[in-house]
Amino acid sequence: MNRIKNQITEKMGVQEEMGRQLYFMEKAGKYVESLAAELGRKPTCCVTTFGCQMNARDSEKLAGILEGAGYELTEDEGADFVIFNTCTVRDNANQRVYGRLGHLNSLKKKNPHKKIALCGCMMQEPSAVEKIKSSYRFVDLIFGTHNIYKFAELLTLMFESDETVIDIWEDTDQIVEDLPVERKYPFKSGINIMFGCNNFCSYCIVPYVRGRERSRSPRDIIREIEALAADGVVEIMLLGQNVNSYGRNLDEPMTFAQLLREVEKIKGIQRIRFMTSHPKDLSDELIQVMKDSKKICRHLHLPLQSGSTRILERMNRKYTREQYLSLAEKIRREIPDIAITTDIIVGFPGETPQDVDDTIDVVRRVSFDNAFTFIYSRRTGTPAASMEQVPEGIVREGFDRLLKVVQETAKERASLLNGQILEALVEGVNEQDPDLLTGRLSNNMIVHFEGKEELIGKIVPVRLAACHGFYYTGEALPKEQDGKETGIPNG
Ligand code: 5AD
Ligand code: SF4
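Fair warning: this is a prediction, and the values are worked out from it, not measured in the lab.

K.L.:
Any chance you could explain the overall build of the protein chain here in plain terms?
P.N.:
Helices and strands together make up the secondary structure of the protein chain, namely 13 helices and 19 strands. Its C-alpha atoms give the protein chain a radius of gyration of 23 Å, near enough to 23 Å, the size a compact globule of 491 residues would have. Each of the three principal axes of the protein chain carries a C-alpha extent, and together these read 60 × 60 × 60 Å. Put simply, the protein chain has 491 residues, and 55% of those count as buried. Put simply, of all contacts in the protein chain between residues at least 6 apart along the chain, 74% involve residues at least 24 apart. On the protein chain, roughly 22400 Å² of surface is accessible, and the fraction owed to carbon and sulfur atoms is 50%.

Set out below in structure tokens:
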């Protein structure tokens, strides 16, 4: 009884908060309106995203609120309002933000109306906020990851204040989702299914800046996807730091595989992707659901991080090299046309060249379709930061050795698709050659082919004619041939 009562009060709180934010959007709109009168044109805004898919989705929410308040979106950082949605997973992401801020300051000197805001993961780090307060005083607004839904309110405060507005929360239980969103693509969208992370891998700052794991209710997720489908979205990506642990902390627990089965039933959605899977939580049930599905894409991003059990243990990853290998083998056996991609870190404290050999060996055995390789970055406050670090030269040498093998393997895997006819979702006109379209296969491979712009947002069969390492060129076929020659695995 009490639990139901709590749920109702929580729901009422969310409704109330949404109402408040819509009120602030109107209020911010008044300030934007008077700015427009002063400028004699509609004020412009620019949202710059650093980092992962979760940030990209958050940026769509920021853009939705800015548009709602009356700004015109542009990609030009000369805009009247610029917001950096930051990442802090590796130190070079932080350095990029500082570098770009210098440039924004020179633009601000030329445009006295210009406002600059910073939000996202880096702002959850007290040392970064201190540095901005002392050395980048021209920044007008700073907020973190937990209060992004309050953006309209913070925007209003910014207009009303002469000083930098700073609003950082340690954590929150609130999930307020029904505010306007400005999607980058009309035909595909990310959907948050959970926030935060409980895994505390010893190198990783995410649990500290994104807080504890919280799953959204399946009802809210389904409702959001139904609305997206009604709005023309055909491909969705379910987002979470570790989607395989979805639903554990719900009042009525459910598994990620069960959620996928529900999402599959939504009419209009033709492709389902998800990110990221932690190997320790990937269940047989999930493999089965993927295998049975016509909609779930043939792609699994399964971060390895290291192929050495000794290092995996120090990383607190909770699986061994052998467990990873047998999981990957099982997935490839059950779903032969699947692409497996991964993340690998080189130079974790204590890593020796033999450990890198072990990683390279796993790369060869699994034959990853693609791998993102990172040099270990020391993040203050994480357990690995106080372990003995590997000298830079040794890290570089290991990194180069690994990269070579990763590239060879990926090319080999890609070449296996030569001559096949597979379905591609047409994502846009090719950036280099306007006569070509760019599409994405179910397995996440990119293909370029001739075609008319009307095809954007449609799923078309494409014959893969030439492999160029990480992408293909091909030719689109008329829809009638769909599936006849190859038995296209899924949509
Ligand atoms: N240094 C280097 N790479 C890291 N990642 C996470 N934290 C660090 C770090 N401190 C990588 C992991 C993760 C990906 C998103 O970023 O490989 O899977
Ligand atoms: Fe970071 Fe590990 Fe959580 Fe991924 S699972 S976000 S690497 S702590």
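Picking up after the structure, the text goes on.
K.L.:
Got a minute to help me understand the sheet that holds strand S10 (residues 235–239) in this structure?
P.N.:
Strands belonging to one sheet form pairs held by backbone hydrogen bonds; the direction of such a pair is parallel or antiparallel. The parallel open sheet is built from 3 strands, whose spatial order is S7-S10-S11. The sheet is open, and its two edges are formed by strand S7 (188–192) and strand S11 (271–275), each paired on a single side. Direction aside, neighbouring strands of the sheet carry axes that sit 20 degrees apart on average. In terms of strand pairing, S7 meets S10 through 5 bridges, oriented parallel. Its bridge partner lying in S10, Asn-192 is registered against Leu-239.

K.L.:
Looking at this structure, how should I read helix H11 (residues 321–334)?
P.N.:
Note: α-helices contain 3.6 residues per turn, so residues at a spacing of three or four share the same orientation. For H11, which comprises 14 residues, the first-to-last C-alpha distance of 20 Å matches the rise-based estimate of 20 Å (1.5 Å per residue) to within 8%. All of the buried residues in H11 are Arg-321, Tyr-324, Leu-325, Leu-327, Ala-328, Ile-331 and Arg-332. Each buried residue of H11 sits inside an arc of 165 degrees when the element is viewed along its axis, so together they form one side. Those residues of H11 that are exposed and aimed more than 90 degrees away from the buried face are Glu-329 and Arg-333. Those residues of H11 hidden inside the fold are in contact with helix H9 (284–292), strand S12 (299–301), helix H10 (309–314), strand S13 (339–346), helix H12 (353–366) and helix H13 (392–415).

K.L.:
Would you mind showing me how to read the site of ligand 2 here?
P.N.:
By nearness alone, every residue bordering ligand 2 is listed as Cys-197, Asn-199, Phe-200, Cys-201, Tyr-203, Cys-204, Val-206, Pro-207, Gln-241, His-278 and Arg-317. Residues of the shell around ligand 2, tallied by class, amount to 7 nonpolar, 3 polar and 1 charged.

K.L.:
What is the right way to read the site of ligand 1 from this model?
P.N.:
Ligand 1 sits among Val-89, Arg-90, Tyr-203, Gln-305, Asp-343, Ile-345, Phe-374, Ile-375, Tyr-376, Ser-377 and Arg-379. Asp-343 places a side-chain nitrogen or oxygen 2.7 Å from an oxygen atom of ligand 1. Ser-377 places a polar main-chain atom, nitrogen or oxygen, 2.8 Å from a nitrogen atom of ligand 1. For ligand 1, whose accessible area on its own is 400 Å², the fraction buried by protein is 85%. Counted by class, the shell around ligand 1 contains 6 nonpolar, 2 polar and 3 charged residues.

K.L.:
Please explain the nonpolar core as it appears in this structure.
P.N.:
Grouped burial of nonpolar side chains is what soluble globular proteins tend to show. Counting 69 residues, the largest nonpolar core has Ile-193, Leu-238, Phe-256 and Phe-274 as its most contacted members. Not counting the four nearest positions on each side in its chain, Phe-274 is found in contact with Met-237, Leu-238, Val-243, Phe-256, Leu-260, Leu-286, Met-290, Ile-296 and Leu-300. Residues Leu-35, Ile-65, Tyr-71 and Ala-152 belong to the second largest nonpolar core, which totals 25 residues.

K.L.:
Help me out: how do you make sense of the packing of helix H7 (residues 218–230) against helix H8 (residues 256–264) in this one?
P.N.:
Each packed pair of helices is defined by two parameters, the angle between the axes and the distance between the axes. For the pair H7 and H8, the least separation of the axes is 10 Å and the interaxial angle reads 30 degrees. Relative to H8, H7 is oriented roughly parallel. Remark: the crossing between H7 and H8 carries right-handed chirality. Mapping the contact onto sequence places Pro-218, Ile-221, Ile-222 and Ile-225 in H7 and Leu-259, Glu-262 and Val-263 in H8. Across the contact of H7 with H8, the residue classes tally to 6 nonpolar, no polar and 1 charged.

K.L.:
Quick question: what am I supposed to make of the packing of aromatic side chains here?
P.N.:
Here a ring pair, both rings aromatic, is described through the centre-centre distance and the interplanar angle of the planes. Within this structure, the stated rule accounts for 16 aromatic pairs. The interplanar angle of 55 degrees and the centroid separation of 5.5 Å between the aromatic rings of Tyr-185 and Phe-187 together place this pair among those described as tilted. Given the relative accessible area of 27%, Tyr-185 is considered partly exposed. A relative accessible area of 5% means that Phe-187 is categorised as buried.

K.L.:
Even after reading the chapter, I still don't get H8, so can you show me in this structure?
P.N.:
Taken together, the buried positions of H8 are occupied by Phe-256, Ala-257, Leu-259, Leu-260 and Val-263. Across the axial projection of H8, the buried residues extend over an arc of 155 degrees, all falling on one side. Lining the buried residues of H8 we find H7, S10, S11 and H9.

K.L.:
Just checking my understanding: could you explain the state of the cysteines for this structure?
P.N.:
Cysteine pairs can be covalently joined through their sulfur atoms, and such a bond is termed a disulfide. Under the definition given, this model contains 0 disulfides. Free cysteine: Cys-467, not disulfide-bonded; nearest cysteine sulfur from Cys-297 at 20 Å.

K.L.:
Which parts of the structure should I look at to understand unusual backbone geometry?
P.N.:
With the exception of glycine, the majority of residues adopt a negative phi angle, and the majority of peptide bonds are in the trans configuration. Residue Met-275 is joined to Thr-276 through a cis peptide bond whose omega torsion reads 0 degrees. Among the secondary structure elements, Thr-276 is positioned in the loop between S11 and H9. Despite not being glycine, Phe-200 shows a phi value in the positive range, around 50 degrees. Here Phe-200 shows up in the loop between strand S8 (194–195) and helix H6 (206–210). Owing to a relative accessible area of 31%, Phe-200 belongs among the partly exposed residues under this scheme. With a phi angle near 60 degrees, Ser-367 is a residue other than glycine that sits in the positive phi range. Mapped onto the fold, Ser-367 is located in the loop between H12 and strand S14 (370–375).

The rules behind these values
Residues numbered from 1 in each chain as written. Chains lettered and ligands numbered in written order. Predicted model: local features only at pLDDT ≥ 70, side-chain atom pairs only at ≥ 80, totals over all residues. Heavy atoms only, no water. Helix = DSSP H or I, 4+ residues; strand = E, 2+ residues; numbered from the N terminus. Rg over C-alpha atoms; globule rule 2.2 N^0.38 Å. Buried < 20%, exposed > 50% of the residue type's maximum accessible area, 1.4 Å probe, protein only. Contact = heavy atoms within 4.5 Å. Areas by Shrake-Rupley, 256 points an atom, 1.4 Å probe, with all protein chains shown as cover. Pairing = 2+ DSSP bridges. Axes fitted to C-alpha atoms, helices over the stretch in contact; angles between N-to-C directions. Expected span 1.5 Å × (residues − 1). Arc of directions from axis to C-beta. Near = heavy atom within 4 Å. Nonpolar A, V, L, I, M, F, W, Y, C, P; charged D, E, K, R; others polar. Polar contact = N/O pair within 3.5 Å; in protein donor to acceptor, adjacent residues only side chain to side chain. Core = buried A, V, L, I, M, F, W, Y, C linked by side-chain atoms within 4.5 Å. Parallel < 35°, antiparallel > 145°, perpendicular 65-115°, else oblique. Left-handed = near helix turned anticlockwise from the far one by under 90°. Phe/Tyr/Trp six-rings, centres within 6.5 Å; stacked < 30°, edge-to-face > 60°. Disulfide = S-S within 2.5 Å.

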